[in-house]
Amino acid sequence: MSAPPLDVHRVSLTSLRTIAAGNATETELHLLCSAQRSQLLLVLRALLGHMNEAALSARCPGGAAAAEAAWQLLCAAEQEAPEAVEAVLADPTVMAWALRLLRRLGGTADAAPSLPLWADLGQFQTLAAAAALRARIPAELRVPAYRGTVWVPSLGVAGPVARRRWSLAEFRVERGGFVVRGEHAEVRLPWPAPVPAPGWRPLRPVRGAASRGSGSGPWLDTVTPYRDFTQYPKSPGALGERRLRAWEDRLAEAHALLERESAVDAALVRTMVRVLVPRPFQSARGGLVASASSVDAFGAITMSLPYDATQTAAVLVHEARHQQLNALLSLVRLIRAADDRTDGTRPRLHYAPWRSDPRPVLGLLHGTFAFSGVARFWRTHRRHVTGTEAQRADFEFAVLREQLREAVASLAAEDDLTEAGRLFVDELAAQIRDWQGEEVPALPARLGRHYCLLRRAVWRARHLTIDEAAAERLAEAWAAGEPAPDSLPDPVLRPRPDRIRLDTFGPLARYRLSAPHLFERGRRQAERGGDPARRAEYAVIAGDTAQAVRHYGEWIRREPQNAEAWVGAALAWQEHDSRAGASLLLDRPDVVTGVCRAVASARGEAPDPFLLAAWLGGADTAGVRSARTTSSGV
């Protein structure tokens with residue numbers, strides 16, 4: 001098979017800046033896609049060199065098929081109809097299979113427990129079968145069948161033709177179609193393959209969302225065995241026709257929205273997203289959508305069904321940005337490799353404002369680049385809409401520009417950026433800096449500010465701490481009535497995933513802005529419930545800070561050691577009436593919680609976190625020095 005020389009895949013400094021700014025041209029997008037194609041060809045050629053040796057120990061029923069014969073059939077198909085091979089190789093699950101198998105043969109990854117090596121190797125035959133079918137070249141191959149179904153890359157799955165978990169099937173390409181024959185049944189289909197039919201489950205083209213490039217697309221993939229990024233092989237899903245049409249409508253509306261409002265983002269999504277894998281998830285009405293991309297499956301994303309076309313468009317932009325950066329990183333090193341570190345230190349972990357867990361620099365860079373695209377989407381969208389839809393867009397933009405400002409500052413201070421990486425981050429930073437002065441209406445601005453402060457402070461309380469000895473010294477000074485020191489101890493990162501809980505403030509804030517009647521109904525229900533945390537969040541979002549203060553006080557009385565309750569109370573106090581210690585509790589909750597634990601350990605009673613924070617901040621605490629134990633309210 002032919003391929004362009006690898007030295008054509010070069011990214012100029014101009015292109016690097018353009019990509020960082022989110023303005024990649026179609027030529028630059030094509031370069032990234034072309035580089036991924038070359039990578040796949042290299043992987044397939046590497047597999048070919050290992051397959052015969054691996055097949056000797058694979059114990060294939062009926063004997064292993066020769067990989068060279070499949071390769072020669074691929075080459076013949078390319079000579080006859082190059083577009084046929086291009087369409088097969090453009091299926092992202094082909095790359096997912098090939099990379100996983102290459103790692104397996106190299107001993108760097110374990111296979112799925114249910115995936116015998118002979119079946120994994122045999123999928124090479126299915127590539128040749130699919131290419132021969134598209135090129136209309138008569139052929140006969142033996143291919144693996146998982147639970148009786150045979151994978152036809154870029155097209156779908158045929159079967160079931162057998163009952164066992166794994167078996168061999170015959171795949172025959174004839175003049176007018178193809179036949180798949182297994183131990184117990186056969187499927188005979190014409191070519192072009194029809195819409196869903198008995199024994200045939202195709203990839204489903206998304207109506208009204210045509211992509212550019214090899215083959216058709218984008219597709220909805222609910223059938224191929226390698227469509228899942230973490231679990232494989234996977235049986236075909238059971239999404240009904242009604243649900244599939246809902247997906248198609250949502251995606252078509254999202255593509256149309258991008259075409260109307262942002263030609264650059266429309267081209268990005270059109271080029272980078274070829275396959276979409278639906279996944280189950282709870283209601284996305286509150287803004288929660290589960291989505292992911294994988295470096296192993298360029299062109300594929302998985303996501304749950306968003307609430308509407310606008311949310312769908314935002315998620316598509318987000319995942320397309322991840323795909324774009326994955327492709328760029330295969331050509332340009334933006335971050336130093338771990339082996340390049342000569343000082344013996346470990347890579348740092350960072351606060352990524354959109355995540356609840358600490359992230360390495362690569363994760364922070366990925367998030368910053370992806371969310372800068374989403375922020376720009378909302379910034380543009382808010383100019384095209386009015387009413388509650390405008391408030392929703394204003395909130396998303398306000399939140400993301402603040403989160404991005406903080407994230408890009410962390411990246412700029414990172415030592416592990418290469419020269420190209422620093423140029424990339426500088427371009428990102430310039431764009432984010434330009435957004436900071438843009439006006440946002442009062443309500444979404446207030447909720448966005450509160451949300452960002454809450455996430456930052458809660459993250460610090462969860463994952464940062466101070467040295468135990470330093471905490472004990474501060475506890476002793478507090479107990480003795482001495483003044484606090486002039487400087488506070490530096491924080492130490494100790495990730496605590498067990499302390500992470502689901503974000504509820506963000507979805508509630510989105511309800512408040514986009515569906516006020518539903519928000520009010522939810523608040524009434526919360527007031528009748530027994531969860532003070534829920535009542536407090538509703539009150540803050542509604543702007544009833546006095547009520548929020550009362551509810552946070554109840555939460556603290558129930559859980560006096562819960563730093564999240566303290567943080568929420570501090571924010572409510574800031575908006576209701578200033579209280580000594582609130583600012584430090586938000587800025588350095590790690591210090592307050594560390595000293596609180598030390599005081600409680602030494603004296604048997606925890607101090608009032610606000611009084612302790614006021615003392616640590618050097619505020620005038622005269623008159624409250626005797627009130628060292630936890631207060632009954634906030």
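Here, every reference points to the structure presented above.
A short tour of the structure in this document, coming up. (Residues numbered from 1 in each chain as written. Predicted model: local features only at pLDDT ≥ 70, side-chain atom pairs only at ≥ 80, totals over all residues. Heavy atoms only, no water.)

## Re the environment of R243
- Inspection of the secondary structure assignment puts R243 in helix α7 (residues 241–261).
- Separated by 238 residues in the primary sequence, R243 and G481 place their C-alpha atoms 66 Å from one another. (Helix = DSSP H or I, 4+ residues; strand = E, 2+ residues; numbered from the N terminus.)

## Details of the sheet that holds strand β1 (residues 139–146)
- Judged by pairing direction, the sheet is antiparallel, and its 4 strands sit side by side in the order β1-β4-β5-β6 without closing on themselves. Two strands in the sheet have a free side with no partner beyond their single neighbour: β1 and β6 (186–190). Direction aside, the axes of adjacent strands within the sheet are offset by 20° on average.
- Pairing of strand β5 (residues 177–181) with β6, which is carried by 5 bridges, proceeds in the antiparallel orientation. Residue pairing across strands places V180 opposite V187, the latter belonging to β6.
- This element, helix α6 (residues 117–135), spans β1, β4 (166–173) and β5 of the sheet and lies at about 135° to β1. (Pairing = 2+ DSSP bridges. Axes fitted to C-alpha atoms, helices over the stretch in contact; angles between N-to-C directions. Contact = heavy atoms within 4.5 Å.)

## Focus: the nonpolar core
- If you look at the biggest cluster of nonpolar residues, it comprises 133 residues, and the most contacted ones within it are L44, W97, F171, L328, L334 and F424.
- With 13 residues, the single largest contributor to this core is α6.
- If we skip the residues at most four places from it in the chain, L44 touches W71, L89, W97, A98, F124 and L127.
- Counting residues in each nonpolar core, the second largest holds 59 residues, with A461, A475, V567 and F610 among its members. (Core = buried A, V, L, I, M, F, W, Y, C linked by side-chain atoms within 4.5 Å. Buried < 20%, exposed > 50% of the residue type's maximum accessible area, 1.4 Å probe, protein only.)

## Brief notes about the environment of L220
- Residue placement: L220 occurs in strand β9 (residues 219–220).
- L220 sits 14 residues away from V206 along the chain, and the two C-alpha atoms are 6.6 Å apart.

## What about the packing of helix α21 (residues 589–603) against helix α22 (residues 609–616)?
- At a minimum axis distance of 10 Å, the contact between α21 and α22 shows a crossing angle of 115°. In terms of orientation, α21 and α22 fall into the roughly perpendicular class. Classified by chirality, the crossing of α22 by α21 is right-handed. Residues V591, V592, V595 and C596 of α21 lie in contact with α22, whose contacting residues are P609, L612, A613 and L616.
- Residue composition of the contact of α21 with α22, by class: 8 nonpolar, no polar and no charged. (Parallel < 35°, antiparallel > 145°, perpendicular 65-115°, else oblique. Left-handed = near helix turned anticlockwise from the far one by under 90°. Nonpolar A, V, L, I, M, F, W, Y, C, P; charged D, E, K, R; others polar.)

## Considering unusual backbone geometry
- Following W191, the chain continues into P192 via a peptide bond in cis, with omega recorded as 0°.
- Note that P192 resides in the loop between β6 and β7 (200–202).
- Here the amide bond leading from Y232 into P233 is cis, since omega sits at -10°, within 30 degrees of zero.
- For P233, the location among the structural elements is in the loop between β9 and α7.
- For R136, which is not glycine, the phi dihedral falls at a positive 60°.
- Here R136 is to be found in the loop between α6 and β1.

## Re the pattern of salt bridges
- Evaluation of the coordinates by the stated rule reveals 39 salt bridges.
- As a salt-bridge pair, E438 and R379 come within 2.6 Å of each other at their nearest N and O atoms. With a gap of 59 residues between them, E438 in the loop between α12 (419–435) and α13 (442–463) and R379 in helix α10 (residues 361–381) connect regions that are remote in the sequence. For the pair shown, E438 and R379 are each scored as buried.
- One salt bridge connects E554 with R535, and the closest N-O pair in it is separated by 2.6 Å. Taken as a pair, E554 in helix α18 (residues 545–558) and R535 in helix α17 (residues 532–542) lie far apart in primary sequence, 19 residues in all.
- Through salt bridges that share partners, E170, R172, E174, R181, E186 and R188 make up one connected network. (Salt bridge = Lys/Arg side-chain N within 4 Å of Asp/Glu carboxyl O.)

## Here we look at the sheet that holds strand β2 (residues 150–152)
- Strand order in the open sheet made by the 3 strands is β2-β3-β7, with antiparallel pairing throughout. Edge strands, defined here as strands with exactly one partner in the open sheet, are β2 and β7. Taken pair by pair, the neighbouring strands of this sheet meet at an average axis angle of 20°, ignoring direction.
- Relative to β7, strand β3 (residues 156–158) is paired through 3 bridges, and the arrangement is antiparallel. Looking at the pairing, A158 lines up with W200 of β7.

## Structural notes on a negative patch on the surface
- A cluster of like negative charges, contributed by D467, E468, E472, E476 and E482, occupies part of the molecular surface.
- Tracing the backbone through its elements, the reader meets E476 in helix α14 (residues 468–479).
- Taking relative accessible area as the criterion, E476 reaches 56% and is therefore assigned exposed. (Patch = residues over 30% accessible without salt bridge, like charges linked within 9 Å, V, L, I, M, F, W, Y side chains within 5 Å. Areas by Shrake-Rupley, 256 points an atom, 1.4 Å probe, with all protein chains shown as cover. Lys, Arg positive; Asp, Glu negative; His and termini not counted. Charge placed at Lys NZ, Arg CZ, Asp CG, Glu CD.)

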